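Observations on the three-dimensional arrangement
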Amino acid sequence: QVQLVESGGGLVQPGGSLRLSCVASGRIGSINAMGWYRQAPEKQRDLVATITRGGSTNYVDSVKGRFTISRDNAKNTVYLQMNSLKPEDTAVYYCNAEVRPYSYTTWNDYWGQGTQVTVSS
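Residues numbered from 1 in each chain as written. Predicted model: local features only at pLDDT ≥ 70, side-chain atom pairs only at ≥ 80, totals over all residues. Heavy atoms only, no water.

1. Points about the side chain of S21
If you trace the backbone, S21 turns up in strand β3 (residues 18-26). Assessed through its relative accessible area of 17%, S21 is described here as buried. (Helix = DSSP H or I, 4+ residues; strand = E, 2+ residues; numbered from the N terminus. Buried < 20%, exposed > 50% of the residue type's maximum accessible area, 1.4 Å probe, protein only.)

What follows is the structure, encoded as structure tokens:
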């Protein structure tokens, strides 16, 4: 089995920064793309940023220039550095990874349990 565990959420004032981390563990054969999604109250879960194994990144327009996604393949970890946070960034942030479990030939999507980010004065 494969697990994703996020950390780093919390309460921050507008203009502040937070760094989210997500570690994948378990019987992992290989990890392809990793990413961050967020879900605000009564809204759907939306893409924030993704990163390929080779380091190519993609961001939703609303976070470009403020958020940076990165990963450490050796540690099976993806990060999201969030700067210049705004109240509209408030949401539960979920980590996602495309994983081929050890001894499997197929790829599956896995999700973390989510971490709350609240931007408020």
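2. Regarding unusual backbone geometry
Even without a glycine there, the phi angle at E42 is positive, about 65°. Secondary-structure assignment places E42 in the loop between β4 (28-39) and β5 (46-51). One non-glycine residue with positive phi stands out, namely S103, at about 75°. Note on placement: S103 falls in the loop between β9 (91-101) and β10 (108-111).

3. Quick word on the sheet that holds strand β1 (residues 2-7)
Pairing in this open sheet of 4 strands is antiparallel, and the strands run β1-β3-β8-β7 from one edge to the other. Whereas interior strands pair on both sides, the edge strands pair on one side only; in this sheet they are β1 and β7 (67-72). Neighbouring strand axes in the sheet, compared pairwise and without regard to direction, differ in orientation by 15° on average. (Pairing = 2+ DSSP bridges. Axes fitted to C-alpha atoms, helices over the stretch in contact; angles between N-to-C directions.)

4. A few points about the packing of aromatic side chains
A complete count under the given rule lists 1 aromatic pair for this structure. Summarising the aromatic geometry, the rings of Y37 and W111 are spaced 5.0 Å apart at their centres and angled 65° between planes, so their arrangement reads as edge-to-face. Of this pair, Y37 sits in strand β4 while W111 sits in strand β10, and the two are 74 residues apart along the sequence. It is R19 that lies over the ring of Y79; its NZ or CZ is 4.1 Å from the centre. Stacked on the ring of Y94, the Lys or Arg R45 has its end atom at 3.6 Å from the ring centre. (Phe/Tyr/Trp six-rings, centres within 6.5 Å; stacked < 30°, edge-to-face > 60°. Lys NZ or Arg CZ within 6 Å of the ring centre and 35° of its normal.)

5. Notes on the pairing of β4
Strand direction decides the pairing type here: β4 and β9, joined by 9 bridges, are antiparallel. In the strand pairing of β9, I31 is matched with V99. As paired strands, β4 and β5 are joined by 5 bridges and run antiparallel to one another. Paired with R38 across the two strands is D46, which belongs to β5. The turn linking β4 back onto β5 is made up of 6 residues, and E42 within it adopts a positive phi angle of 65°.

6. Some remarks on the nonpolar core
Residues W36, L80, M82 and Y93 are the most contacted members of the largest nonpolar core, which totals 30 residues. Counting only elements with at least two residues in this core, the list comes to β1, β3, β4, β5, β7, β8 (77-82), β9 and β11 (115-119). Discounting chain neighbours no more than four positions away, the residues touching M82 are G16, S17, L18, L20, R66, F67, Y93 and V117. (Core = buried A, V, L, I, M, F, W, Y, C linked by side-chain atoms within 4.5 Å. Contact = heavy atoms within 4.5 Å.)

Scope: geometric values only; no functional claims are made or implied.
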